[in-house]
Amino acid sequence: MTEAQWTAVDGYVTELLIPKEPALDEALRASAEAGLPPNQVSPAQGKLLHLLARAQGARAILEIGTLGGYSTIWLARALPADGRLVTIETDPKHAEVASTNIARAGLAHLAEVRTGNALDILPQLAAERREPFDLIFIDADKTGTPDYFKWALDLARVGSVIIVDNVVRKGALADFRDSDPNVVAMRQFHELLSVERRVSATTIQTVGTKGYDGFTLALVLDQNSR
Ligand code: SAH
Ligand code: DHB
Ligand code: MG
């Protein structure tokens, strides 16, 4: 299978199953116009996040890594009218573009962009002691993933779902000669998962418009029940 085929299949699926949404298209357009890197999830991945949040009955969602708010909009649209989403973004320009995109999507009352380094904001969120997050999407700087995952566990409840993007890294995850810090961090993350009694997890490889990568899905459990 070639990358052209992956893209064609994504196009086919998107055309049939993902109706054009002005707010999402506008978010992509505004993000590109502002010069943001095109690193948002694909439409098919965005819809997967949306469906997982709905299947989960999520009322509170945490996202780490906002960019222009594309995945944020997909996730926030899964929330009930009194739901809550917090998304963390370190780059003020990204945060501003995202806030505009979220407001244009009519989701400003549900989704709050917190500007700052996730390692500063996550302890703040823990200190606020609000309701736990039902779904957590980790998609910021890849070297931070092991730390973000530990914080996610603190901010979750039994039954929460934690999703981590970009863990397969074109297969480098299992190429032990590859010492790229992003790859090493994802291996560290998997080692952490393998000994963490509070979650049961799997990693799924993906191909599509964003090439070859993958994501991890972890379910938070009662200790020792996996
Ligand atoms: N979730 C987005 C894509 C996020 S791209 C989507 O799918 O639409 C990763 C984002 O994480 C970038 O905007 C980057 O600025 C941000 N980021 C990088 N390091 C960060 C950190 N330490 N804390 C918070 N955000 C960070
Ligand atoms: C890239 C892709 C991502 O999904 C992400 O979160 C960050 C960067 C990339 O393709 O470079
Ligand atoms: Mg990503």
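Now for a quick tour of the structure. As the structure is a prediction and not an experimental result, all values here were calculated from the model.

Next up on the list: the coordination of the magnesium ion (ligand 3). The coordination sphere of the magnesium ion (ligand 3), as far as protein atoms go, consists of Asp-139 (OD), Asp-165 (OD) and Asn-166 (OD1), spread over 2.0 to 2.2 Å. Between the donor residues of the magnesium ion (ligand 3), the gaps in sequence give the motif D-x25-D-N. With Asp-139 in the loop between strand E4 (133-138) and helix H7 (145-155) and Asp-165 in strand E5 (residues 156-165), this residue pair connects regions lying 26 residues apart in the sequence.

What follows covers the site of ligand 2. What surrounds ligand 2 is the set Asn-39, Asp-139, Lys-142, Asp-165, Asn-166 and Lys-210. Between ligand 2 and Asp-139 there is a distance of 2.7 Å, counted from an oxygen atom to a side-chain nitrogen or oxygen. Lys-142 is positioned with one of its side-chain polar atoms (N or O) 3.0 Å from an oxygen atom of ligand 2. Within the complex, 61% of the 290 Å² of free accessible area of ligand 2 lies under protein.

Before going further, it helps to spend a moment on the packing of H7 against helix H8 (residues 181-195). Two elements in contact, H7 and H8, have axes whose closest approach is 8 Å; the angle formed by their N-to-C orientations is 35°. Each of Thr-145, Pro-146, Phe-149 and Lys-150 in H7 lies in contact with H8, whose residues at this interface are Ala-185, Met-186, Gln-188, Phe-189, Leu-192 and Leu-193.

A separate point is the site of ligand 1. Neighbouring ligand 1 are 21 residues, the closest being Gly-65, Glu-89, His-94, Ala-118 and Asp-139. Between an oxygen atom of ligand 1 and a side-chain N or O atom of Glu-89, the distance comes to 2.6 Å. Residue Ala-118 places a main-chain N or O atom 2.8 Å away from a nitrogen atom belonging to ligand 1. The protein chains hide 89% of the 580 Å² of surface that ligand 1 would expose on its own. Tallied by class, residues from the shell around ligand 1 come to eight nonpolar, eight polar and five charged.

The contact between helix H2 (residues 22-33) and helix H5 (residues 92-104) brings their axes to 10 Å, and the two run at 160°. In terms of orientation, H2 and H5 fall into the roughly antiparallel class. Between H2 and H5 the crossing geometry is right-handed. Contacts between H2 and H5 involve Glu-26, Ala-27, Arg-29, Ala-30 and Ser-31 on the former and, on the latter, Val-97, Asn-101 and Arg-104. Of the residues that constitute the contact of H2 with H5, the class distribution is three nonpolar, two polar and three charged.

Reading across the sheet, the seven strands line up as E3-E2-E1-E4-E5-E7-E6 and stay open at both edges, with mixed pairing between neighbours. Either end of the sheet is taken by a strand with one partner, and the two such strands are strand E3 (111-115) and strand E6 (199-206). Strand-to-strand twist across the sheet, computed as the mean angle between neighbouring axes with direction ignored, equals 15°. Sheet topology note: the strand E2 (residues 84-89)/E3 ladder contains five bridges and is parallel. When the sheet's bridge partners are listed, Glu-89 is paired in E3 with Thr-115. Contacting E2 and E3, H5 runs over the sheet at an angle of about 170° to E3. The strands touched by helix H6 (residues 118-128) are strand E1 (60-64), E2 and E3; relative to E2, the strand with the most contacts, the crossing angle is about 150°.

Bringing the environment of Glu-112 into the picture now. For Glu-112, the position within the fold is in strand E3. Dropping the residues within four chain positions of it, Glu-112 is found in contact with Arg-84, Leu-85, Val-86 and Thr-87.

Time to look at a nonpolar patch on the surface. A grouping of Tyr-12, Leu-16 and Leu-17 is seen on the molecular surface, where their side chains present a nonpolar patch of about 370 Å² in accessible area. By secondary structure assignment, the location of Tyr-12 is in helix H1 (residues 3-17).

Moving on, we get to helix H3 (residues 43-55). Note that an α-helix has 3.6 residues per turn; residues three or four places apart therefore point the same way. In this model, H3 (13 residues) spans 18 Å end to end at C-alpha, consistent with the 18 Å of a helix rising 1.5 Å per residue. Restricting attention to buried positions, one finds in H3 the residues Gly-46, Leu-49, His-50 and Ala-53. The buried residues of H3 occupy one face: seen down the axis, they fall within an arc of 95°. Among the structural elements, E1, helix H4 (70-76), E4 and E5 are those in contact with the buried residues of H3. Two residues or fewer after H3 comes Gly-57, characterised by a positive phi angle close to 65°.

What counts and what doesn't
Residues numbered from 1 in each chain as written. Chains lettered and ligands numbered in written order. Predicted model: local features only at pLDDT ≥ 70, side-chain atom pairs only at ≥ 80, totals over all residues. Heavy atoms only, no water. Donors = N, O, S within 2.8 Å, 3.2 Å for Na, K, Ca; no water. Helix = DSSP H or I, 4+ residues; strand = E, 2+ residues; numbered from the N terminus. Near = heavy atom within 4 Å. Polar contact = N/O pair within 3.5 Å; in protein donor to acceptor, adjacent residues only side chain to side chain. Areas by Shrake-Rupley, 256 points an atom, 1.4 Å probe, with all protein chains shown as cover. Axes fitted to C-alpha atoms, helices over the stretch in contact; angles between N-to-C directions. Contact = heavy atoms within 4.5 Å. Nonpolar A, V, L, I, M, F, W, Y, C, P; charged D, E, K, R; others polar. Parallel < 35°, antiparallel > 145°, perpendicular 65-115°, else oblique. Left-handed = near helix turned anticlockwise from the far one by under 90°. Pairing = 2+ DSSP bridges. Patch = residues over 30% accessible without salt bridge, like charges linked within 9 Å, V, L, I, M, F, W, Y side chains within 5 Å. Salt bridge = Lys/Arg side-chain N within 4 Å of Asp/Glu carboxyl O. Expected span 1.5 Å × (residues − 1). Buried < 20%, exposed > 50% of the residue type's maximum accessible area, 1.4 Å probe, protein only. Arc of directions from axis to C-beta.

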